[in-house]
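Inside the fold
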Amino acid sequence: AQSVAQPEDQVNVAEGNPLTVKCTYSVSGNPYLFWYVQYPNRGLQFLLKYITGDNLVKGSYGFEAEFNKSQTSFHLKKPSALVSDSALYFCAVTGAGSYQLTFGKGTKLSVIP
Amino acid sequence: DTGVSQDPRHKITKRGQNVTFRCDPISEHNRLYWYRQTLGQGPEFLTYFQNEAQLEKSRLLSDRFSAERPKGSFSTLEIQRTEQGDSAMYLCASSPPGQSYEQYFGPGTRLTVT
């Protein structure tokens, strides 16, 4: 069975500071990893993915994520947070050959002006 | 840019009634997925279609739930004899052919069972 853990329900960061949203996963075989963002009253939006290759993945809106196989982690990062980044962030995983995404419970990011 | 659309956006029904939701994927996306999301949780996978074939079903998808994608385009999700525990946001997603794996989500249908 595959699973995702997002250990922080909420992350608060000051505008302009770097941000990190944590994610660890468990899956059989090679992981395919994703980050999605959900704004109030809007659908989930795809941010970035790791399938293979470089461990540092760049995505939309200046976000990036680092895949760490030994720590089974895929943390989301951004060098300088914006107030508009405030939203709910979900990490998801699936195994090679499967299209069934397993999501974490989400982390609420609040960027304080 | 036409994204994934879902209809209706909101549905209130009484316990025991049947409801049906529709999802229209992004044009030329051959894979279509249904998820359910409850408050404070991430989306949970229900089922997946490749073209018109239903290839994966979650154990969450009880006998009261049925999904179809008859012509490989739009899909419907029906819940029979609704229960209060069925109250949730039902999300549809689609993805293009090939090995891209990312899924593009619609706005969801919020179901409230009273």
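Summarised in this report is the structure supplied together with it. (Residues numbered from 1 in each chain as written. Chains lettered and ligands numbered in written order. Predicted model: local features only at pLDDT ≥ 70, side-chain atom pairs only at ≥ 80, totals over all residues. Heavy atoms only, no water.)

The subject of this paragraph is unusual backbone geometry. For the bond running from Asp7(B) to Pro8(B), omega is -5°, close enough to zero to count as cis. Summarising the element assignment, Pro8(B) is placed in the loop between strand S1 (5-7) and strand S2 (10-13). A positive phi is found at Tyr61(A), a non-glycine position, where the angle reads about 60°. Along the chain, Tyr61(A) turns up in the loop between strand S7 (56-58) and strand S8 (64-68). In this structure, Arg81(B) is a non-glycine residue whose phi angle is positive, near 50°. With respect to the helices, strands and loops of the structure, Arg81(B) is situated in the loop between strand S8 (75-79) and strand S9 (88-95). By relative accessible area, which is 46% here, Arg81(B) ends up partly exposed. (Helix = DSSP H or I, 4+ residues; strand = E, 2+ residues; numbered from the N terminus. Buried < 20%, exposed > 50% of the residue type's maximum accessible area, 1.4 Å probe, protein only.)

Accessible area lost during the coming together of the parts is what is often quoted as the interface size. Each side of the interface is counted separately: chain A has 21 residues, and chain B has 22 residues. Across the chain A to chain B interface the summed buried area is about 1700 Å²; carbon plus sulfur atoms make up 56%. Ranking the residues of chain A by area buried against chain B places Leu44(A), Tyr99(A) and Gln100(A) at the top, with a combined share of 38%. Lys49(A) serves as the salt-bridge partner of Glu102(B), at 2.6 Å between the closest nitrogen and oxygen. Viewed at the interface, chain B and chain A are joined by 6 residue pairs in polar contact (both at pLDDT 80 or more). Elements supplying a minimum of two residues to the side of chain A that touches chain B: strand S5 (31-38), strand S6 (44-50) and strand S10 (87-95) of chain A. No other element matches the 4 residues that S5(A) contributes to the side of chain A that touches chain B. A breakdown of the residues in the side of chain A that touches chain B according to their chemical character gives 11 nonpolar, 8 polar and 2 charged. (Contact = heavy atoms within 4.5 Å. Buried area = accessible area lost by both parts, 1.4 Å probe. Salt bridge = Lys/Arg side-chain N within 4 Å of Asp/Glu carboxyl O. Polar contact = N/O pair within 3.5 Å; in protein donor to acceptor, adjacent residues only side chain to side chain. Nonpolar A, V, L, I, M, F, W, Y, C, P; charged D, E, K, R; others polar.)

Moving on: the pairing of strand S7 (residues 65-68) of chain B. Residue and element names in this part refer to chain B. Residues Phe65 and Ala67 point to one face of S7 and are all buried, whereas Ser66 and Glu68, pointing to the other face, are not buried. Relative to S8, S7 is paired through 4 bridges, and the arrangement is antiparallel. What sits directly across from Glu68, in S8, is Thr76. The turn joining S7 and S8, which pair antiparallel and follow one another in sequence, is formed by 6 residues; a positive phi near 70° is taken by Gly72. (Pairing = 2+ DSSP bridges.)

With that out of the way, let us pick up the side chain of Thr107(A). Residues and elements named next belong to chain A. When you line up the elements, Thr107 lands in strand S12 (residues 107-112). Among the polar contacts listed, one links the side chain of Thr107 to the side chain of Gln6, at a separation of 3.1 Å. Apart from the residues within four sequence positions on either side, Thr107 is in contact with Gln6, Glu8, Asp9, Gln10, Val11, Val21, Ala87, Leu88 and Tyr89.

As a further point, take the sheet that holds S7(B). All names here are of chain B. Read across the sheet, 4 strands follow the order S1-S3-S8-S7 without closing on themselves; strand pairing throughout is antiparallel. Unpaired on one side and paired on the other, S1 and S7 mark the two borders of the sheet. Here the average twist between neighbouring strands, direction ignored, is 15°. In terms of strand pairing, S1 meets strand S3 (residues 19-24) through 3 bridges, oriented antiparallel. When the bridges of S3 are listed, Ser5 appears paired with Asp24. (Axes fitted to C-alpha atoms, helices over the stretch in contact; angles between N-to-C directions.)

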